[in-house]
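Single-letter residue listing:
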Amino acid sequence: MKLGEGVEAAIHCAAMLAGVDGNSTMSGAAMAEAFGLSPSYLLKHLNQLTTARILESVPGPAGGYRLARPAERITLLDIVLAVEGREPAFRCGEIRQRGPVKLDASAYVKPCGINAAMLKAERAYRAALAEATLSDIVADFMNDADPRTVAASCAFVERRQRPQKVQSSSQPSKA
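Given the structure is predicted, the values throughout are model-derived calculations rather than measurements.

Caption draft 1: Region of the structure containing the layout of surface pockets. Considered as a void within the structure, the largest pocket measures approximately 420 Å³ in volume. Considering the residues around the largest pocket, the lining is formed by 17 residues, among which H12, A15, M16, F141 and S153 are closest to the centre. Counting residues per element, the ones that place at least two in the lining of the largest pocket are α1 (5-17), α6 (134-144) and α7 (147-160). A per-element tally of the lining of the largest pocket places α7 first, with six residues. When grouped by side-chain class, the residues that make up the lining of the largest pocket number twelve nonpolar, three polar and two charged. Here the second largest pocket is characterised by a volume of approximately 160 Å³.

Below is the structure:
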């Protein structure tokens, strides 16, 4: 099964956003810079993650993106489906019913064995992705990656995150 480069970019960006402080955000341009990607290319995938409610887009000069829910509640399957769509990777075209060896429809009552095997594999693949959370990925990175990589990544997030102003509860409501 081949996934697009957008899946890798989306997972890396979500993992990076798991490291921002509180309600802080990070711009799409900063994430594109971090991973050497075109900002316009990455924006497409950030929008897909926002539409899927994995990320939240915050407007304004200090805006950007942040996780829409805790990293423990975001699975790799959530991200893959947001970028690649919900359709199975294998789509049976029932080609066994075409060409010079085809028979009438009564010969094809049983489901295609190839389709059944491929859908079984897809279910296993999706189940494995559903078990892996973003927080698991981040924890594994923090524990297992070269310490220089961890330090560089954390320093980048620290420099490029955008703190959000929190409205004080002592201010009158404009409702």
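Next comes the rest of the account.
Caption draft 2: Representation of helix α5 (residues 113-131). With 19 residues, α5 should cover 27 Å at 1.5 Å per step; its first-to-last C-alpha distance of 27 Å lies within 8% of that length. Residues of α5 that are buried in the fold lie against α4 (76-84).

Caption draft 3: Structural view of the environment of E122. Within the element layout of this structure, E122 appears in helix α5. A relative accessible area of 7% means that E122 is categorised as buried. Considered as a pair, E122 and P59 are 63 residues apart in the sequence and their alpha carbons are 37 Å apart.

Caption draft 4: The arrangement of the nonpolar core in detail. Within the largest apolar cluster, 35 residues are counted, with the highest numbers of intra-cluster contacts made by M26, M31 and I79. With eight residues, α1 is the largest single contributor of residues to this core. Discounting chain neighbours no more than four positions away, the residues touching M31 are C13, M16, L17, M26, L42, L46 and Y65.

Caption draft 5: Spatial organisation of α1. Relative to the 18 Å expected for 13 residues at 1.5 Å per residue, α1 spans 19 Å between its end C-alpha atoms, a close match to the ideal helical length. Where α1 is concerned, the buried positions are G6, V7, A9, A10, I11, C13, A14, M16 and L17.

Caption draft 6: Structural context of the environment of P39. Along the chain, P39 falls in helix α3 (residues 39-51). The class of P39 is partly exposed, set by a relative accessible area of 49%. Residues P39 and C92, 53 residues apart in the sequence, show an inter-C-alpha distance of 36 Å.

What counts as what
- Residues numbered from 1 in each chain as written.
- Predicted model: local features only at pLDDT ≥ 70, side-chain atom pairs only at ≥ 80, totals over all residues.
- Heavy atoms only, no water.
- 1 Å grid on protein atoms, 1.4 Å probe; cavity = no way out; pocket = protein on both sides within 12 Å on 5 of 7 lines; lining within 4 Å.
- Points joined across faces, edges and corners; volume = space filled by probe spheres on them.
- Helix = DSSP H or I, 4+ residues; strand = E, 2+ residues; numbered from the N terminus.
- Nonpolar A, V, L, I, M, F, W, Y, C, P; charged D, E, K, R; others polar.
- Expected span 1.5 Å × (residues − 1).
- Contact = heavy atoms within 4.5 Å.
- Buried < 20%, exposed > 50% of the residue type's maximum accessible area, 1.4 Å probe, protein only.
- Core = buried A, V, L, I, M, F, W, Y, C linked by side-chain atoms within 4.5 Å.

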